[in-house]
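# Structure at a glance
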Amino acid sequence: MKNIAVYPGTFDPITYGHVDIIQRATKLFDQVVVAIAASPKKQPTFSLEERVALTTQVLKSHANVSVIGFETLLTDFVKKQNANIILRGLRAVTDFDYEVQLTGMYRRLAPEIESLFLMPSEKYTYISSSYVREIASLGGDVSEFVPEAVAKALKNKLRK
Ligand code: COA
């Protein structure tokens, strides 16, 4: 049986912090499914289709990674992928409360699915997609935080 982990998030946009977690995960699991949530409540800057396309482009060199968008409950998506692991990144203690709550809800919805946590390299612990969007929208350089394709897409999207 294949060991499949689902790494969910909004990825608006994907950053080097996310890539770091995905690279670590590819060494631990046979298959990593990067699951891009529609997340309408977050009113994402990039559409779901744009986020899937951009993330796919960034991760194209990883053979055991696939990128799929979803608009359902995450637990239903995980079952549909025949996976039983939800992977989340923990950057700092400030992520912990939120993750405890989220994991508790996933567990109530689907007790057979286990949540696992990985920590990114410490140089990425302060990155977040919203800071990256803010810096880019104010004309700042985000090349230290996101892959080149993402920096370009941000420039195009946020250019007045
Ligand atoms: N490196 C850099 N940034 C990271 C990161 C890492 N390793 N890990 C998380 N982040 C950042 C993200 O960029 C994001 O930043 P932002 O809020 O500034 O945009 C923030 O941390 C957290 O976002 P993310 O990891 O994308 O998760 P999320 O909170 O948007 O995603 C879902 C939560 C999508 C997994 C959750 O809402 C979900 O499961 N949705 C599906 C519907 C569902 O089942 N709902 C019921 C939930 S009980």
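First, a word on scope: everything that follows refers to the structure included in this document. (Residues numbered from 1 in each chain as written. Predicted model: local features only at pLDDT ≥ 70, side-chain atom pairs only at ≥ 80, totals over all residues. Heavy atoms only, no water.)

Further remarks concern the sheet that holds strand β3 (residues 65–70). A sheet is described by the order of its strands in space; here five strands give the open sequence β3-β2-β1-β4-β5, paired in parallel fashion. This sheet does not close on itself; its edge strands, each paired only once, are β3 and β5 (114–118). Between one strand axis and the next, the sheet turns by 30° as a mean value, whatever way the strands run. (Pairing = 2+ DSSP bridges. Helix = DSSP H or I, 4+ residues; strand = E, 2+ residues; numbered from the N terminus. Axes fitted to C-alpha atoms, helices over the stretch in contact; angles between N-to-C directions.)

We now examine the side chain of Ser 39. Structurally, Ser 39 is set in the loop between β2 (31–37) and α2 (48–58). Dropping the residues within four chain positions of it, Ser 39 is found in contact with Thr 10 and Pro 44. (Contact = heavy atoms within 4.5 Å.)

So, on to the pattern of salt bridges. In total, this model carries seven salt bridges according to the counting rule given. Measuring nitrogen to oxygen at the nearest pair gives 3.1 Å for the salt bridge that ties Glu 114 to Arg 107. (Salt bridge = Lys/Arg side-chain N within 4 Å of Asp/Glu carboxyl O.)

Moving on, we come to unusual backbone geometry. For the peptide bond that leads from Asp 12 to Pro 13, omega is 0°, which places it in the cis range. Structurally, Pro 13 can be placed in the loop between β1 (4–9) and α1 (16–26). Positive phi outside glycine occurs at Phe 11, with the angle close to 50°. Non-glycine residue Asn 82 carries a positive phi angle of around 55°. Residue placement: Asn 82 occurs in the loop between α3 (74–80) and β4 (85–89).

Right, let's talk about helix α6 (residues 148–158) for a bit. The α-helix advances 3.6 residues per turn, and as a result positions three or four apart in sequence lie on the same side. Within the span of α6, buried status applies to Val 150, Ala 153 and Leu 154. Seen along its axis, α6 keeps its buried residues to an arc of 105°; they face one direction. In α6, the exposed positions that point more than 90 degrees away from the buried face belong to Glu 148, Lys 152, Lys 155 and Asn 156. Where α6 is buried, its residues contact α2 and α5 (129–137). (Buried < 20%, exposed > 50% of the residue type's maximum accessible area, 1.4 Å probe, protein only. Arc of directions from axis to C-beta.)

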